[in-house]
Amino acid sequence: MHIPASPPSCCAGLRQTLLQGWQQDFPLHTSPFRLMAARSGAKPRELLDLCRQLSRSGALLPIRVRWGAALRRERWRLAFNAQPGFRLALASLPGCFRIESVDTSANLPTIWAEVEALNETALHRQLARLALRPVARIRLPSSANTVCCDDPLLAARVEQGLQICSRPFAECAKQLGCSEHHVISSLSSWRRGGQVEGLMLKPPPTSTPQYGVLALWRRTAPTADLLARLRELPGVDNVLEGPGSPEWPWQLSVVVRTACQPGAEQWRKRLATAGLAAAPDVSLPLRIEQPRDQALLFNT
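Along each chain, residues carry numbers from 1 onward, in the same order as the chain's sequence is written. Where local features are concerned, this predicted model is filtered to residues with pLDDT of at least 70; where side-chain atom pairs are given and counted, the filter is 80 or more; whole-chain, interface and lining totals use all residues. By convention in this description, side-chain values take in all heavy atoms of the structure and omit both hydrogens and water.

J.: Would you mind showing me how to read the packing of helix α7 (residues 168-176) against helix α8 (residues 180-193) here?
T.: Helix-helix packing is described using two parameters, namely the angle between the two axes and the distance between the axes. Between N-to-C directions, angles span 0 to 180 degrees; the directions come from axes that are lines fitted to C-alpha atoms, helices contributing only their stretch in contact. What counts as a helix is a DSSP run of H or I of at least four residues, what counts as a strand is a run of E of at least two, and both are numbered from the N terminus. As a packed pair, α7 and α8 sit with axes 8 Å apart at the nearest point and diverge in direction by 110 degrees. With respect to their mutual orientation, α7 and α8 come out roughly perpendicular. Judged by the twist between their axes, the crossing of α7 over α8 is right-handed. Each of Phe169, Ala170, Cys172 and Ala173 in α7 lies in contact with α8, whose residues at this interface are Glu180, Val183, Ile184 and Leu187. For this classification, under 35 degrees means roughly parallel, over 145 means roughly antiparallel, 65 to 115 means roughly perpendicular, and everything else is oblique. Should the near helix be turned anticlockwise from the far one by less than a right angle, the crossing is left-handed, and should it be turned clockwise, the crossing is right-handed. Every residue pair with non-hydrogen atoms within 4.5 Å of one another is taken to be in contact.

Right, here's the structure in full:
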């Protein structure tokens, strides 16, 4: 007897869709996976089962919030004289989301990090966990119009991650002792106000380090136009104007990302095209690691 073949799953590319499609706009909806299934052409149960499978294997993180520019917090860039193993201690800080390592004998810091915290007091609580104090620090510029979070318990819960289930916001509400409506309306309000960019369902950040160059100028005070031109250059992902003070002795620092160990002369020419003719006082090959895709501000 002829048995007809089962029709192919309409979700043949569903795994790839899950790993890429909802990294910034996970639905803020009472039944988000049903809505996602309708958008992707999958069956709700098939989609949810695959999400759970990917989560168990470590390929997907829990459903989490992506904080927006309007949420009040502080970002600091720190430099340490430390051995390479110190990176592990830095990575354990909940607010640390970027670590840069250099191999230098030029009497310069060997490890650089970027850390976010709700305020300077929260930053000091994190730094107190370290065996070493930073040898240089600077608070990075932030948005002018920011507001404090009005529900830190909810913020901590959605930052830590929601359960992958048919009704994740209802499950979150149960854990907090509030209503699902309160959770969804609060998150919606935060998103409208810019405190939240959106919700995300995404893989963990890559553990593969990237490479780059760190260039430092002690006596080059950049103009606003020069800073803007530098930030527009391909590969440049960090341009910082500093005070040139004992706490941060550089007036300008630039980080250029490269696909492999870089050639210094090549990127110097690129900086010169933006109007930065002065050679840096020092330029160092850089290894860039990302312990997490964003700082943990409330789970500290």
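J.: Where do I start with α7 in this structure?
T.: Note that an α-helix has 3.6 residues per turn; residues three or four places apart therefore point the same way. Inspection of α7 places Pro168, Phe169, Cys172 and Ala173 among the buried residues, and these make up the whole buried set. In a view along the axis of α7, the buried residues occupy a sector of 140 degrees, so they form one face of it. Buried-residue contacts for α7 involve α2 (32-40), α6 (152-160), α8 and β6 (196-200). Categorising residues by exposure relies on relative accessible area from a 1.4 Å probe, with only protein chains included: less than 20% of the type maximum marks a residue as buried, more than 50% marks it as exposed, and the intermediate range marks it as partly exposed. To obtain the arc, one takes the directions from the helix axis to the C-beta atoms.

J.: In this structure, what is going on with the layout of surface pockets? I would like to understand it.
T.: If a probe the size of a water molecule is rolled over the atoms, the empty space left behind becomes visible. Buriedness of a pocket was judged along seven lines, with at least five required to meet protein on both sides within 12 Å; pockets are open sets of points on a 1 Å grid over the protein atoms alone, cavities are sets where a 1.4 Å probe fits but cannot get out, and lining residues have an atom within 4 Å of a point. Grid points are joined across faces, edges and corners, and a volume is the space filled by probe spheres set on the points. Volume-wise, the largest pocket comes out at about 520 Å³. Contributing to the lining of the largest pocket are 22 residues, with Arg75, Glu114, Glu116, Leu140 and Pro141 lying nearest its centre. Residue assignment for the lining of the largest pocket shows that the elements contributing at least two residues are β2 (74-80), β3 (96-101), β4 (111-117) and β8 (236-241). For the lining of the largest pocket, the leading source of residues is β8, giving six residues. Counted by class, the lining of the largest pocket contains eight nonpolar, four polar and 10 charged residues. Classification convention: Asp, Glu, Lys, Arg as charged; Ala, Val, Leu, Ile, Met, Phe, Trp, Tyr, Cys, Pro as nonpolar; all other residues, Gly among them, as polar.

J.: Where do I start with the packing of α6 against α7 in this structure?
T.: In the contact formed by α6 and α7, the axes pass within 11 Å of each other and the chain directions differ by 130 degrees. In terms of orientation, α6 lies oblique with respect to α7. In the packing of α6 onto α7, the handedness of the crossing is right-handed. Between α6 and α7, the contacting residues are Leu153, Leu154 and Arg157 on the first element and Cys172, Gln175 and Leu176 on the second. Per-class residue counts for the contact of α6 with α7 are four nonpolar, one polar and one charged.

J.: Help me understand the packing of aromatic side chains, please; the structure alone is not making it clear to me.
T.: Describing an aromatic ring pair means giving the distance of the ring centres and the angle of the ring planes. The aromatic pairing rule takes the rings of Phe, Tyr and Trp, using the six-membered ring of Trp, and pairs them if the centres are within 6.5 Å, calling planes under 30 degrees apart stacked, those over 60 edge-to-face and the rest tilted. Tallied over the entire structure, the rule returns seven aromatic pairs. Note on Trp248 and Trp250: the rings are 5.1 Å apart at their centroids and 80 degrees apart in plane angle, and the pair reads as edge-to-face. Here the two residues Trp248 and Trp250 agree in accessibility, since each one is buried. Counting every residue linked through ring pairs, the aromatic cluster contains Trp67, Trp190 and Phe298.

J.: Even after reading the chapter, I still don't get the pattern of salt bridges, so can you show me in this structure?
T.: Between side chains of opposite charge, a pair can form as their charged atoms come close. Any Lys or Arg side-chain nitrogen located within 4 Å of an Asp or Glu carboxyl oxygen qualifies as a salt bridge. All chains considered together, the criterion is met by 15 salt bridges. Salt-bridge contacts for Arg45 lead to Asp49; the nearest nitrogen and oxygen are separated by 3.5 Å. Here Arg45 pairs with Asp49, and both are found in helix α3 (residues 44-56), just four residues apart, close to one helical turn. Looking at Arg45, the relative accessible area reads 52%, which means it is exposed. Across the pair Arg98 and Asp237 runs a salt bridge, and its minimum N-O distance is 3.1 Å. One end of the pair, Arg98, is in strand β3; the other, Asp237, is in strand β8, with 139 residues separating them in the sequence. One network of salt bridges, in which partners are shared, links Arg77, Arg98, Glu100, Glu114, Asp237 and Arg257.

J.: In this structure, what is going on with the nonpolar core? I would like to understand it.
T.: One recurring pattern in soluble globular proteins: nonpolar side chains tend to sit buried together. With 38 residues, the main nonpolar core has Phe33, Trp67, Phe169 and Leu201 as its most contacted residues. Secondary-structure elements contributing two or more residues to this core are α2, α3, β1 (64-67), α6, α7, α8 and β6. The definition of a nonpolar core used throughout is a set of buried Ala, Val, Leu, Ile, Met, Phe, Trp, Tyr and Cys residues joined through side-chain atoms within 4.5 Å.

J.: What exactly am I supposed to notice about the sheet that holds strand β5 (residues 136-139) here?
T.: Adjacent strands of a sheet pair through backbone hydrogen bonds, lying either parallel or antiparallel. Paired strands are those between which DSSP finds at least two bridges. Pairing within the open sheet is antiparallel, and its eight strands lie in the order β5-β2-β4-β3-β10-β7-β9-β8. Each of the sheet's edge strands pairs with one partner strand only, and the pair in question is β5 and β8. Averaged over all pairs of adjacent strands, the angle between their axes in this sheet comes to 20 degrees, without regard to strand direction. The pairing of β8 with strand β9 (residues 252-258) spans five bridges and is antiparallel. By the bridge assignment for β9, Val239 is matched with Val254. The strands touched by helix α5 (residues 120-127) within the sheet are β2, β4 and β5, with β4 carrying the most contacts at an inclination of about 135 degrees.

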